[in-house]
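# Structure at a glance
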Amino acid sequence: MNPPIPKIPLGSSGIQSSRLAYGCWRIAGAEGAPEPDNQQKKIGLNAIIAAFEAGFTLFDLADIYGAGWCEIIFGQALQEVPEMREKILIATKCGIRKPDTPAIGAPYRYDFSAEYILDSCDGSLKRMGVDHIDLYMLHRPDFLMDIQEVAKAFSKLQQSGKVSSFGVSNFTPTQVNLLQSALGSRLLVNQVEVHLLDPFTLTDGTLDQCQMNRITPMAWSPLAGGRLDVERFDYGADHELKAKATRLRSIMDPLAEKYRVTWAEIALAWLLKHPAKILPVIGSTQPKRIKMAATATDFEISREEWYSLLEPALGHRLP
Ligand SMILES: NC(=O)c1ccc[n+]([C@@H]2O[C@H](COP(=O)([O-])OP(=O)(O)OC[C@H]3O[C@@H](n4cnc5c(N)ncnc54)[C@H](OP(=O)(O)O)[C@@H]3O)[C@@H](O)[C@H]2O)c1
């Protein structure tokens, strides 16, 4: 049996989360797929339950994942394992609107209007069959964000008990500052893309701000969405990407052997070592891999090993 996954506080709050989160984006099948069939729903249920049994206590969702099906399947898992709800934190997101919704001809867009945020939250609560969300995030920055309007919506959600705390996703540091300036409570997380194939948040100020202001950076696609799986990933004509992934793996694989893990846990250990306390969001739907990911918290790579992966990740030598 695995040792329990260690816990960390979320942002500047006292809320404790497992050091890794489980991401539910893929549990209803490929993005854009039709309604999942029973077999796909079972895969999703098994993945959630495997993550819970492995000690994950933070589950990441969004209203748009699987066109709502991911939240529905997640709600079914809560029914199947009733003791789960009080032991975990539910994180979900709103703010992205798909084309042709609610009316034909509407474009793909972001919407942080108070009305849309409030309606979206009700939709998520209903799909999951829960009475509150622990962490509610704005999915992608709305170019028309009116911070007073967002603050109004957040305060209504908090006062009604529907949401306990808030975060953002894919926000730049200035966008975080802008929104924070209107809020009465601290944003706890900024969920951003961070992985070895594109570690831009190391240099654009995102992780600096997280460390300085005690905002937890949740890392989405910590394994680059499978693109480090050089044996299986289909790179098509993107030879440059394949070469970069192959170069990284030539350093990761001997480390995996040394620590008796797989390359995936080395990718996670690289994120976990960062002092901003990056919280990787695991996206595999295979129970064996989900459980294995938890072992990334059992060891720490050295400063030298971390840097040996940085140069191929950046794609150039350090000056
Ligand atoms: N906020 C945002 O804008 C945003 C955007 C994207 C994602 N997210 C969140 O981040 C979560 C994780 O994203 P992700 O799914 O792209 O993460 P990921 O962990 O980087 O990628 C998971 C993918 O890699 C594959 N994979 C290949 N080899 C693997 C191995 N050895 N171990 C584990 N997985 C392996 C998995 O396949 P198998 O399933 O076959 O293992 C799966 O298809 C999502 O579920 C979602 O919650 C947020």
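These lines cover the structure that appears in this document, whether it is placed above or below. Sequence order as written defines the numbering, with residues in each chain counted from 1. Where local features are concerned, this predicted model is filtered to residues with pLDDT of at least 70; where side-chain atom pairs are given and counted, the filter is 80 or more; whole-chain, interface and lining totals use all residues. Excluded from the side-chain calculation are hydrogens and water; included are all heavy atoms of the structure.

## Let's talk about the overall build of the protein chain
- Helix and strand content of the protein chain: 11 helices and 12 strands.
- Each radius of gyration reported is based on C-alpha atoms, and the globular scaling rule is 2.2 Å times the count of residues to the power 0.38. A compact globule built from 319 residues should have a C-alpha radius of gyration of about 20 Å, and the protein chain, at 19 Å, falls within 12% of that.
- Counting contacts in the protein chain only where the partners sit at least 6 residues apart, residues at least 24 apart contribute 73% of the total.
- Split by element, the accessible area of the protein chain, about 14,900 Å² in all, is 54% carbon and sulfur.
- Positive charges are assigned to Lys and Arg, negative charges to Asp and Glu, while His and the chain termini are left out of the count. For the purpose of locating charges, the reference atoms are NZ of Lys, CZ of Arg, CG of Asp and CD of Glu. Measuring between centres, the 34 positive side-chain charges of the protein chain sit 3 Å from its 37 negative side-chain charges. In this description a helix means any DSSP run of H or I spanning at least four residues, a strand means any run of E spanning at least two, and both kinds are numbered starting from the N terminus. Only heavy atoms enter the contact rule, under which two residues are in contact if any of them lie within 4.5 Å. Values of accessible area rely on a 1.4 Å probe in the Shrake-Rupley scheme; residue burial ignores everything except the protein chains shown.

## Observations regarding the sheet that holds strand β9 (residues 163-169)
- For two strands to be treated as a pair, DSSP must find at least two bridges joining them. On the basis of which strands lie adjacent, the closed barrel formed by eight strands has the order β3-β4-β5-β8-β9-β10-β11-β12 and parallel pairing. On average, each strand axis in the sheet is inclined to that of its neighbour by 30 degrees, with strand direction left out of account.
- Relative to strand β10 (residues 189-193), β9 is paired through two bridges, and the arrangement is parallel. Its bridge partner lying in β10, Val 168 is registered against Asn 190.
- Only the contacting stretch of a helix is used when fitting its axis, a line to C-alpha atoms as for every element, and angles between N-to-C directions run 0 to 180 degrees. Running at roughly 145 degrees to β9, helix α5 (residues 147-159) makes contact with β8 (133-138) and β9 of the sheet.

## Some points on unusual backbone geometry
- The residue after Thr 101, namely Pro 102, is reached through a cis peptide bond having omega -5 degrees.
- Among the structural elements, Pro 102 can be located in the loop between β6 (96-97) and β7 (109-110).
- Even without glycine at this site, Arg 260 takes up a positive phi of about 60 degrees.
- Relative to the helices and strands, Arg 260 resides in the loop between α8 (239-259) and α9 (263-272).
- Categorising residues by exposure relies on relative accessible area from a 1.4 Å probe, with only protein chains included: less than 20% of the type maximum marks a residue as buried, more than 50% marks it as exposed, and the intermediate range marks it as partly exposed. Assessed through its relative accessible area of 76%, Arg 260 is described here as exposed.

## Focus on the packing of aromatic side chains
- By convention, a stacked pair of Phe, Tyr or Trp rings (six-membered ring in the case of Trp) has centres within 6.5 Å and planes under 30 degrees apart, an edge-to-face pair has planes over 60 apart, and any other such pair is tilted. For the structure on display, the rule yields 12 aromatic pairs.
- Centre to centre, the rings of Phe 233 and Tyr 235 are 4.9 Å apart; their planes meet at 65 degrees, and the pair counts as edge-to-face.
- Take Phe 233: its relative accessible area is 30%, and that puts it in the partly exposed class.
- Tyr 235 gets classed as buried once you look at its relative accessible area, which sits at 9%.
- One aromatic cluster is present, formed by Tyr 22, Phe 56, Phe 59 and Phe 74 through successive ring pairs.

## Let's talk about the side chain of Glu 265
- By secondary structure assignment, the location of Glu 265 is in helix α9.
- We define a salt bridge as a side-chain nitrogen of Lys or Arg found within 4 Å of a carboxyl oxygen belonging to Asp or Glu. Buried and without a salt bridge, Glu 265 has Arg 289 as its closest oppositely charged side chain, separated by 8.1 Å.
- The contact partners of Glu 265, leaving out residues within four places of it in the chain, are Met 292, Ala 293, Thr 295, Ala 296 and Phe 299.

## Section: the site of the ligand
- In these notes, residues near a molecule or strand are those with any non-hydrogen atom within 4 Å of it. Of all residues adjacent to the ligand, which total 28 residues, the nearest are Arg 26, Asp 60, Ser 221, Ser 284 and Arg 289.
- Residue Leu 223 places a main-chain N or O atom 2.7 Å away from an oxygen atom belonging to the ligand.
- When grouped by side-chain class, the residues that make up the shell around the ligand number 10 nonpolar, 12 polar and six charged. By the criterion applied in these results, polar contacts are pairs of N or O atoms within 3.5 Å in which, for protein atoms, one can donate a hydrogen and the other can accept it, and in which residues neighboring in sequence qualify only through two side-chain atoms. Nonpolar residues are Ala, Val, Leu, Ile, Met, Phe, Trp, Tyr, Cys and Pro. Charged residues are Asp, Glu, Lys and Arg, and all others, Gly as well, are polar.

## Considerations on helix α7 (residues 206-213)
- By the burial criterion, the buried members of α7 are Thr 206, Leu 207, Gln 209 and Cys 210. Buried residues along α7 cover an arc of 160 degrees about the axis, so they all sit on one side.
- Along its buried surface, α7 packs onto α6 (173-180), β10 and β11 (216-220).
- Phi for Arg 214, located one or two positions after α7, is positive at around 50 degrees. The directions considered for the arc run from the helix axis to the C-beta atoms.

## Thoughts on the nonpolar core
- Within this scheme, the nonpolar core is defined by two criteria: the residues are buried Ala, Val, Leu, Ile, Met, Phe, Trp, Tyr or Cys, and they are joined through side-chain atoms within 4.5 Å. With 98 residues, the main nonpolar core has Tyr 22, Phe 56, Phe 59, Phe 74, Leu 138, Leu 179 and Leu 228 as its most contacted residues.
- No other element matches the nine residues that α9 contributes to this core.
- The next biggest cluster of nonpolar side chains, apart from the first, holds 13 residues, and it includes Ile 8, Leu 10, Ala 91 and Met 137.

## Focus on the pattern of salt bridges
- For the structure shown, the criterion picks out 12 salt bridges.
- Among the ionic pairs, Glu 35 bridges to Lys 41, the shortest N-O distance being 3.8 Å.
- Of the charged contacts in the structure, one is a salt bridge between Lys 162 and Asp 122, with a shortest N-O distance of 2.9 Å. One end of the pair, Lys 162, is in the loop between α5 and β9; the other, Asp 122, is in helix α4 (residues 114-128), with 40 residues separating them in the sequence.
- Here Asp 122 falls in the partly exposed class, since its relative accessible area comes to 35%.
- Each of Glu 231, Arg 249 and Asp 253 takes part in salt bridges that share partners, so that together they form one network.

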